[in-house]
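Structural description and commentary
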Amino acid sequence: MPESPNALKSTVNNDLSTLTLAEARAAVVSGTTSATALAERYYERIAAVDPEINSYLALTKDRALAQAASVDAAVKSGAPLGPLAGVPIGIKDVLTLKGAPATAASKILNGYHPPYDATAVAKLEAAGAVLLGKLNCDEFAMGGSNENSAYGPVHNPRSLDRVPGGSSGGSAAAVAAGLCAASLGTDTGGSIRQPAAFCGVVGVLPTYGRVSRYGLIAFASSLDRIGPFAHSVADAATLLEVLAGTDTMDSTSSAQPVGSYSADLAKPVAGLRIGVPEEYFGEGLDPEIRAAIEKSLDDLRAAGCSIQKVSLPHTSYAVPTYYVLATAEASSNLSRMDGVRFGHRSAEANTLANMYRKSRDEAFGPEVKRRILLGTYVLSAGYYDAYYRKAQQVRTLLTRDFLTVFNDVDAIVCPVTPTPAWKLGEKTEDPIQMYLEDIYSVAASLAGICGMSVPCGTTKDGLPIGVQVLGKHFDESTMLRVGAAIEAAQVK
Ligand code: GLN
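Read on for an overview of the structure. This one's a predicted model, so the numbers in the text were calculated from it and none came from an experiment.

We now examine the overall build of the protein. Regarding its fold elements, the protein presents 16 helices and 11 strands. Here the C-alpha atoms of the protein give a radius of gyration of 21 Å, agreeing with the 23 Å that 2.2 N^0.38 yields for 492 residues. In terms of its C-alpha atoms, the protein occupies a principal-axis envelope of roughly 60 × 55 × 45 Å. One way to put it: in the protein the 43 positive side-chain charges average out to a point 4 Å from where the 50 negative ones average out.

Bringing the site of the ligand into the picture now. As a matter of local geometry, the ligand sits amid 15 residues, with A141, G189, S191, Y322 and R371 nearest to it. Considered on its own, the ligand offers 300 Å² of accessible surface; in the complex 99% of this is hidden by protein. Counted by class, the shell around the ligand contains five nonpolar, seven polar and three charged residues.

On to the pattern of salt bridges. By the definition in use, this model includes 15 salt bridges. Residues R371 and E367 are paired through a salt bridge, measuring 2.7 Å at the closest nitrogen-oxygen approach. Within this pair, R371 and its partner E367 are both found in helix 12 (residues 366–379), separated by four residues, close to a single helical turn. When sorted by exposure, R371 lands in the same class as E367, which is buried. The salt bridge partner of D385 is R389, with a shortest N-O separation of 2.6 Å. With D385 and R389 both in helix 13 (residues 385–405) and four residues apart, this pair spans about one turn of that helix. Since its relative accessible area comes to 48%, D385 is described here as partly exposed. By relative accessible area, R389 is classed as partly exposed at 43%.

The next point concerns the pairing of strand 6 (residues 225–230). Both faces of the sheet carry side chains from a regular strand, because those side chains alternate between them. Of all the six residues making up strand 6, six are buried; the element is thus mostly covered by neighbouring parts of the structure. Judged from the six bridges that link them, strand 4 (residues 182–187) and strand 6 form a sheet pairing that is antiparallel. Bridging across to strand 6, L184 finds its partner in P228. The sheet contact formed by strand 5 (residues 202–205) and strand 6 spans two bridges and is antiparallel. When the sheet's bridge partners are listed, V202 is paired in strand 6 with A230.

Reading the values: rules and limits
Residue numbers here run from 1 along each chain, matching the order of that chain's written sequence. Since the coordinates come from a predicted model, pLDDT governs what is reported: local features require at least 70, and pairs of side-chain atoms require 80 or more to be given and counted, while whole-chain, interface and lining totals use all residues. By convention in this description, side-chain values take in all heavy atoms of the structure and omit both hydrogens and water. For helices the rule is a DSSP run of H or I covering at least 4 residues; for strands it is a run of E covering at least 2, with both sets numbered from the N terminus onward. Radius of gyration: C-alpha atoms only; globule rule: 2.2 Å multiplied by the number of residues to the exponent 0.38. Counted as positive: Lys and Arg. Counted as negative: Asp and Glu, with His and the chain ends omitted from the count. Lysine's charge is taken at NZ, arginine's at CZ, aspartate's at CG and glutamate's at CD. Being near a molecule or strand, for a residue, comes down to having at least one heavy atom within 4 Å of it. Throughout, the Shrake-Rupley method with a 1.4 Å probe supplies accessible areas, and for residues the shown protein chains are the sole cover considered. Note on residue classes: Ala, Val, Leu, Ile, Met, Phe, Trp, Tyr, Cys and Pro are nonpolar, Asp, Glu, Lys and Arg are charged, and everything else, Gly too, is polar. When a carboxyl oxygen of Asp or Glu is within 4 Å of a side-chain nitrogen of Lys or Arg, the pair counts as a salt bridge. Three exposure classes are used, based on accessible area relative to the maximum for each residue type with a 1.4 Å probe and protein chains only: buried under 20%, partly exposed in between, and exposed over 50%. For two strands to pair, DSSP has to find at least two bridges joining them.

Okay, here's the thing in structure tokens:
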């Protein structure tokens, strides 16, 4: 496969750059390495490589090494080991880790050290994972290029002058660059699938409600979801099995039983019915991406799947619907950032109202302000019916599109993005251009179904291409099987 001329060249601990979760765990469990030595090697590589990538906002070394020591003690004593024993994992900085900074890549949360762990990170640790640190992202997860971080953009490890995608750009880039074996990100309108596609790693968006969001700094609560990034579909399945499940701390988490995602990967895909939505292959789709998706469809056909055209007729309304609803919810969620109990407080203010205003004005970045303004507008008395209510109605139509198609097919296969990763700075002046890049990701977000991005090739310039697999509500199992079949055909 061609490699971009600007790809990362560092050779420090380079073998980590492709080390899977399964390999990392096996090395620790068999005693080939200790969890402590492995974590130290990742920290060395982070020190050598991350200045070029900017994926970590904070390292949680004390906690990571204490956890690694306890895994090593368990290996020595023959105590039972979790499915993630000794596996070094990075966490998007919108999730809380007790005592570590949680910035959401915003200045407004400066100095905030949450007093509790997010359920998702607590579950990883309980399964033996070693949490290396907090990963860069777009401010409050608003963006598709990681250029909206208050702490500088992330560079795509496959081509350093390009964006890694967003908003979970740090999470995707860190896995791609070998700065953790896997990571957590969040996806509200594409923020796991799109950066996974841009960086050439696997990214999974679980069904809405599948993973507890306790400890997630909210952007748009009816859309926000937590999910894994990994080097392989099998790794992602292992992570999802750990993360999934109901949680008394999150009333939106689902009580649906968790699937046997890893074991199910062994089931053949022959006989599965794959839908290909014609609306996702229209004008604006990069020809190299189209060709790579078609190749993946051929691979699935060769594996015994039947491929059929389907229609999701309301697709063209997905981007405007998403940007009305997501901004409305963001304007409400972000009203708690007021400088009173935590985070940035203006030194200039002399009245209470002034303190709110100045603290927010000084510390929110331009994209967050744009969305608060837009969201407040669509919720305002005179415009609510025209925008917010209408968008809710269209959301129902978009969801029905998927439910109808899923009567006839087991999974949907389509592009993740219309273009590969663009150059840093290329779209920052034009928010609409940036929003339109979300055309293939936001409909699934609005419908609450599960989705994933699987690497399926590279462009002639060496930029990764991802293919999107969408599954029925709570049918991650079938989706992951289809993803694994596409992945298996890549290495042939
Ligand atoms: N790019 C989309 C946005 O800017 C998606 C963000 C996300 O999923 N967090 O809102």
